[in-house]
Amino acid sequence: MASRNKQKARKNATRKISKKKTATVAPANDAARIIAAIKRIPRGKVCTYGGVADVAGLPRRARLVGTVLRQTPASRGLPWFRVINASGRISFPLGSDGYARQRKHLENEGIDFVGGRVDLDRYGWPPREKLLDELVWGPG
DNA sequence: CACCCGGCGGCTG
DNA sequence: CCAGCCGCCGGGT
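Overview of the structure. (Residues numbered from 1 in each chain as written. Chains lettered and ligands numbered in written order. Predicted model: local features only at pLDDT ≥ 70, side-chain atom pairs only at ≥ 80, totals over all residues. Heavy atoms only, no water.)

**Observations regarding the overall build of chain A**
A count of helices and strands for chain A gives seven helices and four strands. Seen in sequence order, chain A has helices and strands lined up from the N terminus as α-α-β-α-α-β-α-β-β-α-α. Out of the 140 residues in chain A, the part that is buried amounts to 30%. Taking all contacts inside chain A whose residues are at least 6 apart in sequence as the whole, residues at least 24 apart take part in 61%. (Helix = DSSP H or I, 4+ residues; strand = E, 2+ residues; numbered from the N terminus. Buried < 20%, exposed > 50% of the residue type's maximum accessible area, 1.4 Å probe, protein only. Contact = heavy atoms within 4.5 Å.)

Listed below in structure tokens is the structure:
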């Protein structure tokens, strides 16, 4: 409850600050940052949608990560399959082709599924502690 | 401008 | 753990 109020407060604050709305800066580069962030996920690790957004410098844009991924044609350099949701699950419907492909890729990299989920404490990237430090202290 | 809908995330019951 | 609900924010109608 408190958290929702906090989010609402943040939203109102954001509105007030950005009321000018000047440019609307077409976020084509947002997609580029998201792709770059995904490319950084190490082999054998996974990152959540929200995590990718954070690494890309776009906090709270988890859904945008999903949108970009959905619209981005699979290319060989992009480890799209290392992006899963915050519950440690693959976000495609169970039984779909996409689900099967993604899971196979991950298992091929040695990632272990228990009850249909990945243990983020073990396979999550970046490590939670590092992420917090960077959020608070900045990189370096 | 008003809705509607997501490869999401947090919290609650 | 699961189901819902809600908040967020881009994109499409």
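That covers the picture; the talk isn't over yet.
**Concerning unusual backbone geometry**
For the bond from Trp 125 to Pro 126, the omega torsion is -5 degrees, close enough to zero to count as cis. Note on placement: Pro 126 falls in the loop between helix H6 (120-123) and helix H7 (128-137). Of note in the backbone geometry, Arg 60 takes a positive phi value of approximately 70 degrees without being a glycine. Note on Arg 60: relative accessible area 57%, which makes it exposed.

**Observations regarding the packing of aromatic side chains**
Taken as a whole, this structure holds one aromatic pair when the rule is applied. Their ring planes at 85 degrees and their centres at 5.7 Å tell us that Trp 80 and Phe 81 sit as a pair that is edge-to-face. Phe 81 carries the same exposure label as Trp 80, and that label is buried. In this structure, Arg 103 packs its charged tip against the face of Phe 113, placed 4.4 Å from the ring centre. (Phe/Tyr/Trp six-rings, centres within 6.5 Å; stacked < 30°, edge-to-face > 60°. Lys NZ or Arg CZ within 6 Å of the ring centre and 35° of its normal.)

**Observations concerning the protein's contact with DNA strand B**
Neighbouring DNA strand B are 17 residues; Tyr 49, Gly 50, Arg 63, Arg 70 and Ala 86 lie closest to it. The sugar and phosphate moieties of DNA strand B supply 45% of its atoms located within 4 Å of the protein. Within the side chain of Tyr 49, one N or O atom sits 2.7 Å away from a base nitrogen of DNA strand B. Backbone polar atom of Gly 50 to a phosphate oxygen of DNA strand B: 2.8 Å apart, as the coordinates give it. For the surface near DNA strand B, the secondary structure elements donating two or more residues are helix H1 (2-17), helix H3 (49-55) and helix H4 (62-71). The dominant element in the surface near DNA strand B, judged by the number of residues it contributes, is H4, at five residues. Residue composition of the surface near DNA strand B, grouped by class: eight nonpolar, six polar and three charged. (Near = heavy atom within 4 Å. Polar contact = N/O pair within 3.5 Å; in protein donor to acceptor, adjacent residues only side chain to side chain. Nonpolar A, V, L, I, M, F, W, Y, C, P; charged D, E, K, R; others polar.)

**Let's talk about the side chain of Arg 82**
Mapping Arg 82 onto the fold places it in the loop between H4 and strand E2 (83-84). The exposure class of Arg 82 is buried, given its relative accessible area of 9%.

**So, the nonpolar core**
A general feature of soluble globular proteins is that nonpolar side chains tend to end up buried together. In this structure, Ile 34, Ile 38, Val 52, Val 65, Leu 69, Val 83 and Leu 106 are the most contacted members of the largest nonpolar core, which totals 28 residues. At the level of secondary structure, the elements contributing two or more residues to this core comprise helix H2 (28-40), H3, H4, E2 and helix H5 (97-108). Element by element, the count of residues in this core is highest for H2, at four residues. In contact with Ile 38, other than residues within four places in its own chain, are Val 52, Leu 69, Leu 78, Pro 79, Trp 80 and Val 83. (Core = buried A, V, L, I, M, F, W, Y, C linked by side-chain atoms within 4.5 Å.)

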